[in-house]
Amino acid sequence: MVVLALVLGACGANLPATAPQVSLAAPTPPPPPQMSPAELREHERILATYGGVYEDPRLQAMVEQLVERLVASSEQPDLHYQVTILNSDSVNAFALPTGRLYITRGLIALANDESELAAVVGHEMGHVIAHHAEQREEEVRDTELSNRVFADLVNDPQARALALAKSKLTLASYSQMQELAADAIGIRLAARAGYDPYGAVRFLASLERNSELKPRPDGAINPAAPDFLSSHPATPDRIAHALAEARQYKPPATDSPQQITEAHNAYLTKIDGIVFGEDPSEGLVRGRRFLHPRLGFTFTAPEGFILDNTAQAVLGVQRGGDAALRLDLVRVPAEQTLPAYLSSGWIENVDPSSIHDVTISGFPGATATAKGDNWDFRLYTIRFGSDVYRFIFASKTLSAESDRTFRECVGSFRRMSVGEMREVKPAHLKVVRVAPGETVDKLASRMAVPDRQVERFRVLNGLSPNDQLKPGTEVKIAVE
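Quick notes on the rules
Residues numbered from 1 in each chain as written. Predicted model: local features only at pLDDT ≥ 70, side-chain atom pairs only at ≥ 80, totals over all residues. Heavy atoms only, no water. Helix = DSSP H or I, 4+ residues; strand = E, 2+ residues; numbered from the N terminus. Buried < 20%, exposed > 50% of the residue type's maximum accessible area, 1.4 Å probe, protein only. Contact = heavy atoms within 4.5 Å. Pairing = 2+ DSSP bridges. Expected span 1.5 Å × (residues − 1). Core = buried A, V, L, I, M, F, W, Y, C linked by side-chain atoms within 4.5 Å. Phe/Tyr/Trp six-rings, centres within 6.5 Å; stacked < 30°, edge-to-face > 60°. Lys NZ or Arg CZ within 6 Å of the ring centre and 35° of its normal. Axes fitted to C-alpha atoms, helices over the stretch in contact; angles between N-to-C directions. pLDDT = per-residue confidence, 0-100. Arc of directions from axis to C-beta. Parallel < 35°, antiparallel > 145°, perpendicular 65-115°, else oblique. Left-handed = near helix turned anticlockwise from the far one by under 90°. Nonpolar A, V, L, I, M, F, W, Y, C, P; charged D, E, K, R; others polar. Salt bridge = Lys/Arg side-chain N within 4 Å of Asp/Glu carboxyl O.

A. Representation of the overall build of the chain. Secondary structure assignment for the chain yields 16 helices and 18 strands. Looking at the chain residue by residue over its 480 residues, the buried ones come to 49%. Intrachain contacts of the chain at a sequence separation of at least 6 include 64% that bridge at least 24 residues.

B. Spotlight on the pairing of strand 10 (residues 314-318). Of all 5 residues in strand 10, 4 are buried, a share of seventy percent or more. In this sheet, strand 10 lies alongside strand 9 (residues 305-309) in antiparallel orientation, the contact comprising 5 bridges. Residue pairing across strands places Phe305 opposite Gln318, the latter belonging to strand 10. Count of turn residues in the strand 9/strand 10 antiparallel hairpin: 4 residues. Judged from the 4 bridges that link them, strand 10 and strand 11 (residues 323-330) form a sheet pairing that is antiparallel. Within the sheet, the bridge partner assigned to Val317 lies in strand 11 and is Ala324.

C. Region of the structure containing helix 3 (residues 57-72). With 16 residues, helix 3 extends 22 Å between its outermost C-alpha atoms, agreeing within 8% with the 22 Å of an ideal straight helix rising 1.5 Å per residue. By the burial criterion, the buried members of helix 3 are Leu59, Gln60, Met62, Val63, Leu66, Val67, Leu70 and Val71.

D. Summary view of the nonpolar core. The biggest cluster of nonpolar side chains holds 65 residues, and the ones touching the most others in it are Leu70, Ile103, Ile108, Leu117, Val121 and Phe457. The dominant element in this core, judged by the number of residues it contributes, is helix 5 (residues 114-129), at 8 residues. In this structure Val121 touches Leu66, Val67, Leu70, Leu101 and Ile103, once residues within four positions along its chain are discounted. Counting residues in hydrophobic clusters, the runner-up holds 25 residues, among them Val285, Leu307, Val410 and Phe413.

E. Expanded view of the packing of aromatic side chains. Counted according to the given criterion, the structure contains 17 aromatic pairs. Their ring planes at 45° and their centres at 5.9 Å tell us that Phe290 and Phe297 sit as a pair that is tilted. Looking at Phe290, the relative accessible area reads 0%, which means it is buried. Phe297 sits in the buried class, given a relative accessible area of 0%. Aromatic pair Phe393 and Phe406: ring centres 4.5 Å apart, planes at 15°, arrangement stacked. Taken together, the residues span a long stretch of sequence, with Phe393 in strand 15 (residues 387-395) and Phe406 in helix 13 (residues 400-411) at a distance of 13 residues. The residues Phe393 and Phe406 share a single accessibility class, namely buried. Linked through ring pairs, Phe290, Phe297, Phe299, Phe363, Tyr380, Phe384, Tyr389, Phe391, Phe393, Phe406 and Phe413 together constitute an aromatic cluster. Over the ring of Tyr195 we find Arg69, and its NZ or CZ is 3.8 Å from the ring centre.

F. Structural detail: the sheet that holds strand 6 (residues 284-286). Read across the open sheet, the 4 strands follow the order 6-7-8-16; overall the sheet is antiparallel. Each edge of the open sheet is held by one strand with a lone partner, namely strand 6 and strand 16 (414-415). In this sheet, strand 8 (residues 297-300) lies alongside strand 7 (residues 289-292) in antiparallel orientation, the contact comprising 4 bridges. Within the sheet, the bridge partner assigned to Leu291 lies in strand 8 and is Thr298.

G. Expanded view of the sheet that holds strand 5 (residues 275-276). In space, the 3 strands of this open sheet follow the order 5-17-18, with antiparallel pairing throughout. Looking at the sheet topology across the chains shown, the edges are occupied by strand 5 and strand 18 (474-479). The sheet contact formed by strand 17 (residues 427-433) and strand 18 spans 6 bridges and is antiparallel. Looking at the pairing, Arg433 lines up with Glu474 of strand 18. Lying on the sheet, helix 11 (residues 257-271) is in contact with strand 17 and strand 18; it crosses strand 18 at an angle near 25°.

H. Quick look at unusual backbone geometry. One non-glycine residue, Asn349, lies in positive phi territory at about 60°. Relative to the elements of secondary structure, Asn349 occurs in the loop between helix 12 (338-342) and strand 12 (356-360). A positive phi is found at Ser361, a non-glycine position, where the angle reads about 50°. We classify Ser361 as partly exposed; its relative accessible area is 38%.

I. Region of the structure containing the confidence of the model for the chain. On average, residues of the chain score 80 in pLDDT, and 78% of them reach the 70 mark or higher. Per-residue pLDDT stays below 50 along residues 1-19; that stretch engages in 42 contacts with residues further than four places along the chain or on separate chains. The low-confidence segment residues 138-174 (pLDDT under 50) makes 19 contacts with residues lying over four places distant or belonging to another chain.

J. Representation of helix 13. For helix 13, with 12 residues, the first-to-last C-alpha span of 16 Å sits near the 16 Å given by 1.5 Å per residue. Residues of helix 13 that are buried: Ser402, Asp403, Phe406, Cys409 and Val410. Seen end-on, helix 13 carries its buried residues on one side only, within an arc spanning 120°. Exposed residues on helix 13 whose side chains face more than 90 degrees from its buried face are Ala400 and Glu401.

K. Inspection of the packing of helix 8 (residues 199-211) against helix 10 (residues 238-246) at higher detail. Their axes nearest at 9 Å, the elements helix 8 and helix 10 cross at an angle of 170°. When the axis of helix 8 is compared with that of helix 10, the two are roughly antiparallel. Here helix 8 and helix 10 pass one another in a crossing that is left-handed. Facing helix 8, whose interface residues are Val201, Leu204, Ala205 and Glu208, helix 10 presents Arg238, Ile239, Ala242 and Leu243. Residue classes in the contact of helix 8 with helix 10 are distributed as 6 nonpolar, no polar and 2 charged.

L. Examining the pattern of salt bridges more closely. Throughout the structure, instances matching the rule amount to 22 salt bridges. For Glu480, the salt bridge is made with Arg286, and the minimal N-O distance between the two is 3.6 Å. With Glu480 in the segment after strand 18 and Arg286 in strand 6, this residue pair connects regions lying 194 residues apart in the sequence. We classify Glu480 as exposed; its relative accessible area is 60%.

Pasting the structure below:
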């Protein structure tokens, strides 16, 4: 996504120490004790990226019990794991080499039984058991050393480039092999622990369908909303590998159709009420409108823009990729004027003659333009109480029309009323039993989602395009 990457790069370049960026997410709780400095840094980075900790004792107990069951079935039952559920609707999970496991509430919500969840958790445990992180780090060190030696011995630039390309291909292949190995370990652990080994196959299929529902103006997975497929590279035959691995194990003897339904219903009962989608404490997207009830502001993106709320900023991309926007929060000293901030060097090639004061919805602000190699920028800052918000718009050509569009977008920035803030409630999962005669379309119409209700209902419940509902089965719907 060229435009989005450009906006991200422009916003992060040469930020002065006096004006660091501030996350729009809710404050994170204090870290757990007994962490090394390196582990603490990684833990805090993960919490900042994925919305902090999702506090739900019932879910925490469920995942911890599942982990204990997997550990007991492993070749290393003495290993100890600490589980953190992340307050993010991204579908992701990962592990630190020390045994800290992270799983998002979005992943828990997408799963449809404990066997699917066990396959994912077992996959992450597989990385720890197989020491993949250490192997990866050693491989990188060896490659860097060989590259330096090769560069010293060979004067031919083309030969050096070829050697570097080959080393990168080796690393990429090695990483993919690690993922497949972790899949195999996860399936083995799940099967030994009495879970259905085919849970991995079902969940990988749900992941593929879920990724197709994400906003992708250029057809690529959005890197601003990292999920399991973006951090765990997928291959066309990954599901086939999982299927072949699962066939090595017999499903649990208790897996009669009735018992499978009972296991499915029991899992849904445990996750009933989990927050679904964005958490209002971190702001949320409603079509082209962004609302942040905790910080008390809202704005509306231009027509044709797709918004994405990340931990660092609100990002928007115009369909077709000709324009983009970014809104973030920055620290600007009270004594520094906003025009002075715009010219302070945090972005290059600002036109000094374009800097001037403005008033936006009654709040003091400033604006300027900047020019890049291939993109033009319109910049706005708004002092909202003690905070300063920064709008950055990028377009291939800053015309009078595009400038007016950006100005109207910034002009929509305003304070939310107390009533508006109270009305913003998170969506959550509600488990309902399918009644005789109820169809996918009928239940999907109750989904509190902005678009594609039927597709989202099917993905959420692990249904393929041709699957029909069975009376008595429990399903998930998202409601406000």
